[in-house]
Amino acid sequence: MDHEVWEGYAAISAQIQQKIKADGKTVIVIECYPAVRTDEIINGLKLLNPSLIIPIEDAALEPQELEHKLSRYLTEDRVFGYMAPFLIDEFYDAVKLEQIKRQIEAIEAGVVIVIGFGASLVGEQDILLYADLARWEIQQRFRSKEFGNWRADNHDEDILRKYKRSYFIEWRVADRLKRALFQKLDFYLDTNKRDEPKMVTLVALLTGLKQVASQPFRLVPYFDPGVWGGNWLEEKIGLEPKGNPYAWGFDGVPEENSLYFQYGQTRIELPSINLVFFESTALLGEKVYARFGAEFPIRFDFLDTMGGQNLSLQVHPLTDYIKEKFGMSYTQDESYYMLEAADDTIVYLGLKEGVDPERMMDDLEKAQQGAGSFPAETYVNIFPAKKHDHFLIPAGTVHCSGTNSMVLEISATPYIFTFKLWDWDRLGLDGKPRPVHLQHGSQNIIWDRDTDWVQRNLIGQVEKLAEGEGWVEERTGLHELEFIETRRHWFTDKVTHHTNGGVQVLNLVEGEEAIIESPNEAFVPLVIHYAETVIIPAAVGEFTLRPTDRSAGKQLGTLKAFVRT
Ligand SMILES: O=P(O)(O)OC[C@H]1O[C@@H](O)[C@@H](O)[C@@H](O)[C@@H]1O
């Protein structure tokens, strides 16, 4: 496959050139994910001497008309929109598109390049390229103000609103289009790095996807500062210090993270959601796919408040609410696994006995108006937390992780549906109050999740399930209202796991280093280190974990999650 990859515009153009007809006309369509730098590509492909370049977006709806069409899905809220059902052709002016098609038809010879988000709407083409990039990179382009949303002229807008328009609308439309086109591609273009394009053939890409879906793999991690951030991620992972402390670490969110594929000397970066789309059954397994479709339902991420501050006091929507109000098909059920804790670490979880909903909402309202602080301790339980405790957080439970915690968050995938109730009298990194949603919150708090209920259901739910020579398996959660099951293994020797036909996500929560192997050498062994997350595709079947030589004689621990089916 190493000869099916090209780096840089010169090599890419030379390869495309080979497919250009000697006589007559060649139409090259370059379909793009929104926020791809189309100008750079046009410039880079000048080597092909195109006789006509069509930036397809000239035929799209005018920004105001588009905004009007989207308004119901965009909403006035800073954070929450409604999942939009659009297809790309609904964002285009049919008459203008028709004119472009006729313009192309009229050309008799030479190279025509059609480029942009929606380029494939011109129909017939001779060569089809797909220019892609990772969601994390899109967010960087939003933050630097290089890009606004697609045809929105909002480069300077609040980052939350730009994210909202992408999350609820643009990325959905773009993903639908990507899924519809993918099998027809000639080439796939990785455009994550400025002026460093990489191109692979569809066959090489599909081969890579197939291979990854048959072996344990890691995603490309990324880290982000936040107002409550701590120092654990920066110190332990050796991250480059930023103006503000790192709060989040992501290495287990296929919807947002990316993957690296190595072809000879060339490394391609692609959004890992492509694997979910194009290897759904091998990755997820039949049952998970039947239940969720091409969607990765489990999310692992890190919340670092070591030396930092409390998260916002918050609640997540109930399933009925998230469906009705935001068009989501399942909700943000969560759990906090304490990867590290200090002597004074606490978790806020559930309400005290006999809380009066009206009084609590009243106090939250007053605090929100600036009339004093919210007395969280009066209403919310505070539990001490120590390393390896697992707190279960079904939607509707008031909660937040406190300062001095390093949390491995194991949750369902929807990840922006946090209704902040109280943000501890502080401002966000942009100097503005972070959005608080009391109205939404009040309709989702389950008021009888009180101390007793929380103690019986959400804390210390550890049960030994099995043991063998050098290993023990425990169930640590989640709560029966949540669809994720979590299992912890303590081991000093080899321990055998099985995917049982469903995808699993696993993290090394204790010990320095372990190796994941196939009993029948079906995949290349993978070494994982403390706190690293790995995805085990359903197709893997049986696999084993054991300490490497470096960790020999020590007890290791893994925590893995899968969907209860
Ligand atoms: O609202 P803040 O304080 O930023 O906390 C937000 C974090 O809270 C956690 O409980 C989870 O819901 C995370 O997905 C979220 O990122």
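Look above for the structure.
A brief report on the enclosed structure follows. Predicted, not measured: the structure shown is a model, and the values here were computed from it. (Residues numbered from 1 in each chain as written. Predicted model: local features only at pLDDT ≥ 70, side-chain atom pairs only at ≥ 80, totals over all residues. Heavy atoms only, no water.)

## Re the packing of aromatic side chains
We apply this condition: Aromatic rings from Phe, Tyr and Trp, taking only the six-membered ring of Trp, are treated as a pair when their centres fall within 6.5 Å; an angle between ring planes under 30 degrees marks them as stacked, one over 60 as edge-to-face, and anything in between as tilted. Each helix is a run of H or I in the DSSP string that is no shorter than four residues. Each strand is a run of E no shorter than two, and both are numbered from the N terminus. Only when the NZ atom of a Lys or the CZ atom of an Arg is both within 6 Å of the ring centre and within 35 degrees of the ring normal do we say a charge sits over the ring.
Counted by the stated rule, this structure contains 34 aromatic pairs. On the basis of an interplanar angle of 90 degrees and a centroid distance of 5.8 Å, the ring pair of Trp-6 and Phe-187 is categorised as edge-to-face. Separated by 181 residues along the polypeptide, Trp-6 in strand β1 (residues 5-7) and Phe-187 in strand β6 (residues 187-190) bring together distant segments of the chain. What links up through ring pairs into an aromatic cluster is the set Phe-80, Tyr-163, Tyr-167, Phe-168, Trp-171, Tyr-321, Phe-326, Tyr-415, Phe-417 and Phe-419. Taking the ring centre of Tyr-167 as reference, the NZ or CZ of Arg-172 above it sits at 4.6 Å.

## Here we look at helix α3 (residues 63-74)
Our working rule: Expected helix span is given by 1.5 Å per residue-to-residue step, counting one fewer step than there are residues. Only protein chains enter the area calculation, which uses a 1.4 Å probe; residues under 20% of their type maximum are buried, those over 50% are exposed, and those in between are partly exposed. The arc refers to the directions leading from the helix axis to the C-beta atoms. Whether two residues are in contact is decided by their heavy atoms, any of which lying within 4.5 Å being enough.
Here α3 is twelve residues long, yet its end C-alpha atoms lie only 14 Å apart, well below the 16 Å a rise of 1.5 Å per residue gives. Of all the positions in α3, only Leu-66, Leu-70, Tyr-73 and Leu-74 are classed as buried. Summarising the axial view, the buried residues of α3 lie within an arc of 75 degrees, below the 170-degree limit, and thus occupy one face. Summarising the geometry of α3, the exposed residues directed more than 90 degrees from the buried face are Gln-64, His-68 and Arg-72. Where α3 is buried, its residues contact α6 (159-181). The positive-phi residue at the C-terminal boundary of α3 is Thr-75, with phi of around 60 degrees.

## Looking at the sheet that holds strand β8 (residues 222-225)
By way of backbone hydrogen bonds, the strands of a sheet pair with one another, either parallel or antiparallel. For clarity, the threshold we go by: Two strands pair if DSSP finds at least two bridges between them. Under this scheme, a helix contributes an axis fitted over its contacting stretch, all axes are lines through C-alpha atoms, and angles between N-to-C directions fall in the 0 to 180 degree range.
Across the sheet, which stays open at both edges, the six strands sit in the order β8-β9-β12-β19-β14-β17 with antiparallel pairing between neighbours. Across the chains shown, the open sheet's two edge strands, defined by having one partner strand only, are β8 and β17 (390-393). Neighbour to neighbour, the strand axes of the sheet diverge by 20 degrees on average, direction disregarded. Judged from the four bridges that link them, strand β9 (residues 246-252) and strand β12 (residues 298-304) form a sheet pairing that is antiparallel. Along β12, the bridge assignment pairs Gly-249 with Phe-302.

## Remarks on unusual backbone geometry
The residue after Gly-477, namely Leu-478, is reached through a cis peptide bond having omega -10 degrees. Here Leu-478 lies in the loop between β22 (471-477) and β23 (484-491). A positive phi angle, near 50 degrees, is found at Asn-49, a position not held by glycine. One can find Asn-49 in the loop between α2 (38-44) and β3 (52-55). The backbone phi angle of His-388 is positive, close to 75 degrees, even though this residue is not glycine. Here His-388 shows up in the loop between β16 (380-384) and β17. Looking at His-388, the relative accessible area reads 14%, which means it is buried.

## A few points about the packing of helix α5 (residues 135-143) against α6
The condition that has to hold: An angle below 35 degrees is treated as roughly parallel, one above 145 as roughly antiparallel, one from 65 to 115 as roughly perpendicular, and anything else as oblique. Here a crossing is called left-handed whenever its near helix is offset anticlockwise from the far helix by less than a right angle, and right-handed whenever the offset is clockwise. Only Asp, Glu, Lys and Arg are considered charged in this grouping, and only Ala, Val, Leu, Ile, Met, Phe, Trp, Tyr, Cys and Pro are considered nonpolar; every other residue, Gly among them, is considered polar.
Running from N to C, α5 and α6 point in directions that differ by 140 degrees, and their axes come no closer than 11 Å. Between α5 and α6, the angle falls in the class oblique. In this structure, α5 meets α6 at a crossing whose hand is right-handed. Contacts between α5 and α6 involve Arg-135, Ile-138, Gln-139, Phe-142 and Arg-143 from the first element and Ile-159, Lys-162, Tyr-163, Ser-166, Trp-171, Arg-172 and Asp-175 from the second. When the residues that make up the contact of α5 with α6 are grouped by side-chain class, the tally is five nonpolar, two polar and five charged.

## Let's talk about the site of the ligand
We count it as follows: Any residue with a heavy atom lying within 4 Å of a molecule or strand is counted as near it. Side-chain atoms alone can form a polar contact between residues adjacent in sequence; in general such a contact is a pair of N or O atoms within 3.5 Å, and within protein one must be able to donate a hydrogen while the other accepts it. Under the convention used here, a 1.4 Å probe and the Shrake-Rupley method define accessible areas, while residue burial counts only the protein chains that appear. Here a cavity means grid points, on a 1 Å grid over the protein atoms only, where a 1.4 Å probe fits yet cannot get out; a pocket means an open set of points with protein on both sides within 12 Å along at least five of seven lines; lining residues are those with an atom within 4 Å of a point. To qualify as sitting in a cavity or pocket, a molecule needs more than half of its atoms within 2 Å of the grid points.
Around the ligand, a shell composed of 16 residues is seen, among which Ser-312, Glu-334, Tyr-336, Lys-420 and Arg-434 lie nearest. Here an oxygen atom of the ligand and a side-chain polar atom of Trp-228 are 2.9 Å apart. The contact in question runs from an oxygen atom of the ligand to an N or O atom on the backbone of Ser-312, over 2.7 Å. Summarising the interface, the protein chains cover 95% of the accessible area of the ligand, which totals 390 Å² for the free molecule. Most atoms of the ligand, that is more than half of them, are within 2 Å of grid points of the largest pocket. Only β12 and β14 (334-341) provide two or more residues apiece to the shell around the ligand. Taken together, the residues of the shell around the ligand sort by class into five nonpolar, six polar and five charged.

## Some words on the sheet that holds β23
Across the sheet, which stays open at both edges, the six strands sit in the order β21-β22-β23-β30-β25-β28 with antiparallel pairing between neighbours. The open sheet terminates on both sides in strands that have one partner only, identified here as β21 (463-468) and β28 (533-536). Put simply, the sheet's adjacent strands are angled 25 degrees from each other on average, direction ignored. For strand β25 (residues 504-510) and strand β30 (residues 556-563), the ladder comprises six bridges, and the chain directions are antiparallel. Across the sheet, Glu-510 pairs through a bridge with Gly-557, a residue of β30.

## Focus on the packing of α3 against α6
What describes two packed helices is the angle between their axes and the distance between those same axes. Closest axis-to-axis distance for the α3/α6 pair is 10 Å, and the angle between their directions is 90 degrees. The angle between α3 and α6 falls in the class roughly perpendicular. Within the contact between the two elements, α3 uses Leu-66, Glu-67, Leu-70, Tyr-73 and Leu-74 and α6 uses Lys-164, Arg-165, Phe-168 and Ile-169. Split into classes, the residues belonging to the contact of α3 with α6 amount to six nonpolar, no polar and three charged.

## Concerning the pattern of salt bridges
Note the cut-off: Counted as salt bridges are all cases of a side-chain nitrogen of Lys or Arg within 4 Å of a carboxyl oxygen of Asp or Glu.
Throughout the structure, instances matching the rule amount to 39 salt bridges. Ionic pairing is found between Arg-143 and Asp-224, a salt bridge with its closest N-O pair at 2.7 Å. Taken together, the positions of Arg-143 in helix α5 and Asp-224 in strand β8 put the pair 81 residues apart, joining distant regions of the chain. Taking relative accessible area as the criterion, Arg-143 reaches 37% and is therefore assigned partly exposed. Among the salt bridges present, the one from Arg-487 reaches Glu-485, with a minimum N-O distance of 3.1 Å. Comparing Arg-487 with Glu-485 shows no difference in burial state: the two are buried. Here the salt bridges share partners, and the residues they tie into one network are Arg-135, Arg-172, Asp-175, Glu-255 and Glu-256.

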